[in-house]
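Survey of secondary and tertiary structure
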Amino acid sequence: MTFSARVLTLYPDMFPGPLGAALAGRALREGLWRLDAVNIRDFATDRHRSVDDTPAGGGPGMVMRADVMAAAIDAAPTVGPRLLMSPRGRPFSQRMAEELAAGEGATLVCGRFEGVDERVIEARGLTEVSIGDYVLSGGEVAALVILDAVVRLLPGVMGNAQSASEESFSDGLLEHPQYTRPAIWEGRAIPDVLTSGDHARVAQWRRAARERLTAERRPDLIRKPRN
Ligand code: SAH
């Protein structure tokens, strides 16, 4: 099974974008995942190919039309969940990335302007997902963020599979500090324990560092179960 991502957007040229480079790009070329960027405008029906209109009730900006969005969604069978990029959505998390990576794929709908007509969210069962408490100009960057987090978890994408299970959030803790050669740089040495060759002590040191860093920087991760 190949993870299959379908992205609905007014800017298909933004894809694969950064996901065409490095690990994700190589995996895409090798067929470890698939990406289909669909131009929502192709589903407009009027002479001006309009995809948006003024908000009912007044106010600034434009709203993406339910009929055009629905036609774009319905144009192909849906694989996996239908996600709408949205600052009102459920906060995206490593847990959600893991769940998506375990599935067959996802549809990612990218909003623009003031957002999307509420009726298409209800009628097509779109799950709103947010990448953080700030407002982007469109959902494309959010879709790239989500796909990046998912694709690196797919089997065969990351060289060293173990690195995924030991990093930040994998067990509710932030990662420990990392070091590499040179042994001394600008007078700063690598902590002795890491060059001692004593694997048990290294593991103990790393665990303590992870707990200390998480308590200092993200006490919310310790109090709260993973979401
Ligand atoms: N008027 C909306 C913001 C629209 S921003 C509001 O106040 O909630 C335009 C589009 O960018 C949105 O439809 C959404 O698809 C995307 N977007 C903006 N911020 C986002 C975020 N934090 N996470 C995910 N998508 C976001």
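Residues numbered from 1 in each chain as written. Predicted model: local features only at pLDDT ≥ 70, side-chain atom pairs only at ≥ 80, totals over all residues. Heavy atoms only, no water.

**Here's the deal with the environment of W205**
Positionally, W205 belongs in helix α7 (residues 199-217). Apart from residues lying up to four places away in sequence, W205 is in contact with P177, Y179, P191, V193 and L194. (Helix = DSSP H or I, 4+ residues; strand = E, 2+ residues; numbered from the N terminus. Contact = heavy atoms within 4.5 Å.)

**Focus: the layout of surface pockets**
In this structure, the largest pocket occupies an estimated 460 Å³ of space. Around the largest pocket sit 26 residues that line it, and M85, S86, P87, E114 and G115 are the ones nearest its centre. Mapped by element, the contributors of at least two residues to the lining of the largest pocket are β5 (82-91), α4 (118-123) and β7 (127-130). Of the residues contributing to the lining of the largest pocket, the split by class is 13 nonpolar, eight polar and five charged. (1 Å grid on protein atoms, 1.4 Å probe; cavity = no way out; pocket = protein on both sides within 12 Å on 5 of 7 lines; lining within 4 Å. Points joined across faces, edges and corners; volume = space filled by probe spheres on them. Nonpolar A, V, L, I, M, F, W, Y, C, P; charged D, E, K, R; others polar.)

**Focus on the site of the ligand**
Close to the ligand lie 18 residues, the nearest being M85, G111, G132, Y134 and L136. One of the backbone N or O atoms of L136 is found 3.0 Å from a nitrogen atom in the ligand. A distance of 3.4 Å separates an oxygen atom of the ligand from a polar atom in the backbone of G139. Isolated, the ligand exposes 560 Å² of accessible area, and the fraction of that covered by the protein chains is 84%. Among the detected pockets, the ligand sits in the largest pocket. If you list the elements that add at least two residues to the shell around the ligand, you get β5 and β7. (Near = heavy atom within 4 Å. Polar contact = N/O pair within 3.5 Å; in protein donor to acceptor, adjacent residues only side chain to side chain. Areas by Shrake-Rupley, 256 points an atom, 1.4 Å probe, with all protein chains shown as cover. Sits in = over half its atoms within 2 Å of the grid points.)

**Concerning the domain arrangement of the protein**
A common measure of how large an interface is: the accessible area buried when the components associate. What the domain assignment lists for the protein is domain 1 (3-151) and domain 2 (165-223). Here the C-alpha centre of domain 2 lies 36 Å away from the C-alpha centre of domain 1. (Domains from an automatic or database assignment.)

**Comments concerning the nonpolar core**
In this structure, F3, W33, F92, L108 and I146 are the most contacted members of the largest nonpolar core, which totals 29 residues. Secondary-structure elements contributing two or more residues to this core are β1 (3-9), α1 (22-29), β5, α3 (94-101), β6 (105-109) and α5 (140-151). Among the elements that line this core, the one with the most residues is α5, at eight residues. Not counting the four nearest positions on each side in its chain, L108 is found in contact with A5, R6, V7, L8, L83, M85, A143, I146 and L147. Judged by nonpolar contacts, the second largest core, of 19 residues, contains V38, I73, L84 and I121. (Core = buried A, V, L, I, M, F, W, Y, C linked by side-chain atoms within 4.5 Å. Buried < 20%, exposed > 50% of the residue type's maximum accessible area, 1.4 Å probe, protein only.)

**Looking at the sheet that holds β5**
An order of β2-β1-β6-β5-β7 is seen for the five strands of this open sheet, with the pairing classed as parallel. Lying at the two open borders of the sheet, with one neighbouring strand each, are β2 (33-39) and β7. Along the sheet, successive strands turn relative to each other by an average axial angle of 35°, direction set aside. As defined by bridge partners, β1 adjoins β6 across five bridges and the pair is classed as parallel. The residue bridging V7 from the neighbouring strand is L108, located in β6. The sheet strands contacting α3 are β1, β5, β6 and β7, and the helix crosses β5 at an angle near 170°. (Pairing = 2+ DSSP bridges. Axes fitted to C-alpha atoms, helices over the stretch in contact; angles between N-to-C directions.)

**Concerning the pattern of salt bridges**
A complete count under the given rule lists 14 salt bridges for this structure. Across the pair R212 and E216 runs a salt bridge, and its minimum N-O distance is 3.7 Å. Of the two residues, R212 and E216 both sit in helix α7, four residues apart, roughly one turn of that helix. Judged by its relative accessible area of 43%, R212 falls in the partly exposed class. On the basis of relative accessibility, which here comes to 54%, the residue E216 falls in the exposed class. (Salt bridge = Lys/Arg side-chain N within 4 Å of Asp/Glu carboxyl O.)

**A word on the UniProt feature "binding site: S-adenosyl-L-methionine" (unreviewed entry) in the protein**
As annotated by UniProt and renumbered to match this structure, "binding site: S-adenosyl-L-methionine" (unreviewed entry) occupies G111, I131, G132, D133, Y134, V135 and L136. Of the annotated set, the members that line the largest pocket are G111, I131, G132, Y134, V135 and L136. Relative to the helices and strands, G111 resides in the loop between β6 and α4. (UniProt positions renumbered as here; feature names shortened; annotations may be inferred.)

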